[in-house]
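Read off the chains here:
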Amino acid sequence: MKKLIKWMLNHVPRPLLQRVAGWAVPAAGLFYKGRGVECPVCGSRYRRFMPYGYVQSRANALCPKCLSLERHRLLWLYLTRETDLLTSFPRTLHIAPEVCIMRHLKPHFKGHPGQYVTADLESPLADLHFDVQQIPLADDSVDVILCNHLLEHVADDRRALHELYRILKPGGWGILLSPVEPDYEQTYEDDSITDPEERTRIFGQYDHRRIYGADYTDRLREAGFEAADIDYAATFSEAERRLYALPKDHIYVVYKH
């Protein structure tokens, strides 16, 4: 299973993968039924989660039912326990939407047309299609922005961050997650490295443009945001972290005043 998932991630086009994963992964999940782990996003229980990873496959990562990964489960716990997103209806822009989270947000906003909008460069699941470096929305037009694990792919992430700041309303907030390597004092990027295999070796994926370091929040602040770096996983007990298979990732929340 580990080898099959890795092969599909690296060889099947992303739009097609997004279409077939909704039925193929749950079917494979029948072999994982049990009580060892619980997905907080969909409530399903399994012996363990499925493996997942483009380069290095991670054990106990992918929920077979809702397709949540470790970071999605941590994000969902933060959204439901620490924000009012699921109890109110702010105008929300969800960029590169995580399917497992989108499945909850769409029904929540169903009675409030236009308040929840999904966007992606190419995903067939998104409402809008645009490059985050040039967002076709008005200034101060969005209350909440969810944009996760995207900035490491963008050619000019500073331009993208300024665009996100531009469209966020004063008083608005957002969650902008990226892979961060805390042992790096500064973000590392080198556009002269163009060979896909070499980029995979250095950046972890062929389509990653940089490795964010401990200065990630500084980069968020450069765009104008107030930014908070929250070690949210540390607020859970060790038993809860094992039950939900949570990562050590931090939650990065931005505000516009």
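Quick caveat: nothing in here was measured; it's all calculated off a predicted structure.

(A) Examining helix H4 (residues 99-108) more closely. Buried within H4 are the following residues: Cys100, Ile101, Met102, Leu105 and His108. Structurally, H4 contributes buried residues whose contacts are with helix H3 (70-82), strand S5 (92-95), strand S6 (116-120) and strand S8 (142-147).

(B) Inspection of the environment of Glu70 at higher detail. Looking at where Glu70 falls in the secondary structure, it is placed in helix H3. Residue class for Glu70 comes out buried when judged on its relative accessible area of 12%. Those residues in contact with Glu70, other than ones at most four positions away along the chain, are Arg58, Ala61, Ala245 and Pro247.

(C) Structural context of the pattern of salt bridges. Taken as a whole and assessed by the stated rule, the structure comprises 16 salt bridges. Here Lys169 and Asp143 are joined by a salt bridge, their closest N and O atoms 3.5 Å apart. Pair noted here: Lys169 is in strand S9 (residues 168-175) and Asp143 is in strand S8, with a separation of 26 residues, a long-range link. By relative accessible area, Lys169 is classed as partly exposed at 29%. Asp143 gets classed as partly exposed once you look at its relative accessible area, which sits at 23%. Its salt-bridge partner being Arg221, residue Asp218 comes within 3.5 Å of it at the nearest N-O pair. Of this pair, Asp218 and Arg221 both sit in helix H7 (residues 216-222), 3 residues apart, which is roughly one turn of the helix.

What counts and what doesn't
Residues numbered from 1 in each chain as written. Predicted model: local features only at pLDDT ≥ 70, side-chain atom pairs only at ≥ 80, totals over all residues. Heavy atoms only, no water. Buried < 20%, exposed > 50% of the residue type's maximum accessible area, 1.4 Å probe, protein only. Helix = DSSP H or I, 4+ residues; strand = E, 2+ residues; numbered from the N terminus. Contact = heavy atoms within 4.5 Å. Salt bridge = Lys/Arg side-chain N within 4 Å of Asp/Glu carboxyl O.

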